[in-house]
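Residues per chain, in single letters:
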Amino acid sequence: MIYVMSDMHGCFDKYQQMLCEISFSSRDTLYVLGDVIDRGADGVKILLDMSLRPNVFPLLGNHEFTAAICMSWIAAEITDEQIDALSTDKMGAYSEWIVNGGEPTIESLKRVGRETLGDIQEYFQEMELYTEVEVGGRSFLLVHAGLDNFAPGKPLDEYGLSDFLFARPQLEQDYFPDKFVIFGHTPVQFLRRRLGEAPSASILRRGNQIAIDCGCSFPGGRLGCLCLDTMEEFYV
């Protein structure tokens, strides 16, 4: 079976429970649509677990992107003294990371060795911006945030990094008549409020768009998972 999850934000326990819920095995495939880290305490723990599983494929989220920018100059050694010595530009990037929930990740990175930091950097670099999957006669485009600056007929490789990482979904947009677009980034609770619906923490389907960020790290939120073979939904 092929599964999709997104926006775990450091909730290692929910991640583990979901793997049990779907009876995930070496015969299955899991795509994780970014934002594994930040906000919750155990994002690095999830990353390291994912990196050891050859059948788990991560996409880059905006939180991994921000972390990767900062790790390019702090991966050698993360100390309070080094952080104090940052330039204005670097401090700006670091501050943005903190504001967006990066402190638990930074604290975790301080406790891992240099070799593990290097492994995490390489793992970030391997993450794709999008992937296309064919399952059971259905076509899927998997992305972190959606698809900004959409134009019919525009090849996917002509979209920019920000189009995939920072988009806010336009639920009235019919992107591809023959392809489902699955994304996270924006919690479904906010999307449902925008639609005038009750803010249920469940996967949202509108036409060929499927939003799967169920606010895992927020009060009342859940981790959602979608099976692409059956379109069955799972929750923790």
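Please refer to the structure higher up on the page.
So, here's what we can say about the structure.

What counts and what doesn't
- Residues numbered from 1 in each chain as written.
- Predicted model: local features only at pLDDT ≥ 70, side-chain atom pairs only at ≥ 80, totals over all residues.
- Heavy atoms only, no water.
- Axes fitted to C-alpha atoms, helices over the stretch in contact; angles between N-to-C directions.
- Helix = DSSP H or I, 4+ residues; strand = E, 2+ residues; numbered from the N terminus.
- Parallel < 35°, antiparallel > 145°, perpendicular 65-115°, else oblique.
- Contact = heavy atoms within 4.5 Å.
- Nonpolar A, V, L, I, M, F, W, Y, C, P; charged D, E, K, R; others polar.
- Salt bridge = Lys/Arg side-chain N within 4 Å of Asp/Glu carboxyl O.
- Buried < 20%, exposed > 50% of the residue type's maximum accessible area, 1.4 Å probe, protein only.
- Pairing = 2+ DSSP bridges.
- Phe/Tyr/Trp six-rings, centres within 6.5 Å; stacked < 30°, edge-to-face > 60°.
- Lys NZ or Arg CZ within 6 Å of the ring centre and 35° of its normal.
- Patch = residues over 30% accessible without salt bridge, like charges linked within 9 Å, V, L, I, M, F, W, Y side chains within 5 Å.
- Areas by Shrake-Rupley, 256 points an atom, 1.4 Å probe, with all protein chains shown as cover.
- Lys, Arg positive; Asp, Glu negative; His and termini not counted.
- Charge placed at Lys NZ, Arg CZ, Asp CG, Glu CD.

### Digging into the packing of helix α2 (residues 43–51) against helix α7 (residues 114–126)
For any two helices packed against each other, the geometry comes down to the angle between their axes and how far apart the axes lie.
Step number 1: Orientation of α2 relative to α7, taken along the N-to-C sense of each, is 70°, at an axis distance of 11 Å. The orientation of α2 relative to α7 falls into the category roughly perpendicular. Residues V44, L47, L48, M50 and S51 of α2 pack against T116, I120, Y123 and F124 of α7.
Step number 2: Looking at the contact of α2 with α7 residue by residue, the class counts come to seven nonpolar, two polar and no charged.

### A short note on the pattern of salt bridges
Step number 1: Summed over the entire model, instances satisfying the criterion amount to six salt bridges.
Step number 2: Two residues, K110 and E107, come together in a salt bridge whose shortest N-O distance is 3.2 Å. Here K110 and its partner E107 are both found in helix α6 (residues 103–110), three residues apart, which amounts to about one turn of the helix.
Step number 3: Here the salt bridges share partners, and the residues they tie into one network are R192, E197 and R206.

### A few points about unusual backbone geometry
Step number 1: Look at H185: it is not a glycine, yet its phi comes out positive at around 75°.
Step number 2: Under the relative-accessibility criterion, H185 is labelled buried at 11%.

### Focus: the sheet that holds strand β9 (residues 224–227)
Step number 1: If you walk across this open sheet you meet the five strands as β3-β2-β1-β9-β10, and the pairing is mixed. Among the strands making up the open sheet, the edge pair consists of β3 (56–58) and β10 (233–235). Across the sheet, the mean angle from the axis of one strand to that of its neighbour is 20°, orientation sign disregarded.
Step number 2: Summarising the sheet, strand β2 (residues 29–32) and β3 pair through three bridges and their orientation is parallel. Counterpart to V32 in the pairing with β3 is P58.
Step number 3: This element, helix α1 (residues 12–21), spans β1 (2–5), β2, β9 and β10 of the sheet and lies at about 135° to β10.

### Overview of the sheet that holds strand β8 (residues 209–211)
Step number 1: Reading across the sheet, the five strands line up as β4-β5-β6-β8-β7 and stay open at both edges, with mixed pairing between neighbours. A single partner strand is all that each edge strand has here, and the edge strands are β4 (130–135) and β7 (204–206). Averaged over all pairs of adjacent strands, the angle between strand axes in this sheet comes to 20°, irrespective of strand direction.
Step number 2: In terms of strand pairing, β4 meets strand β5 (residues 138–143) through six bridges, oriented antiparallel. By the bridge assignment for β5, E134 is matched with S139.

### Details of the packing of aromatic side chains
Step number 1: Evaluated as defined, the whole model comprises 10 aromatic pairs.
Step number 2: Here F12 and Y15 contribute two aromatic rings whose centre-to-centre distance is 6.0 Å and whose plane-to-plane angle is 55°, an arrangement assigned as tilted. One end of the pair is F12 and the other is Y15, both in helix α1 and three residues apart, which spans about a single turn. Of the two residues examined, F12 and Y15, each falls in the buried class.
Step number 3: With a centroid separation of 5.5 Å and an interplanar angle of 90°, the aromatic rings of F150 and F176 are classed as edge-to-face. Separated by 26 residues along the polypeptide, F150 in the loop between β5 and α8 (161–165) and F176 in the loop between α8 and β6 (180–183) bring together distant segments of the chain. Neither F150 nor F176 differs from the other in exposure class; each is buried.
Step number 4: By way of ring pairs, the aromatic residues Y130, Y159 and F164 are connected into one cluster.
Step number 5: In this arrangement the basic side chain of K179 is found over the ring face of F176, its NZ or CZ atom lying 5.0 Å from the centre.
Step number 6: The cationic tip of R222 hangs over the ring face of Y235; the distance from NZ or CZ to the ring centre is 3.9 Å.

### Re a negative patch on the surface
Step number 1: Side chains of E115, D119, E122 and E126 sit close together on the surface and give a patch of like negative charge.
Step number 2: For E115, the location among the structural elements is in helix α7.
Step number 3: Its relative accessible area of 66% is what places E115 among the exposed residues.

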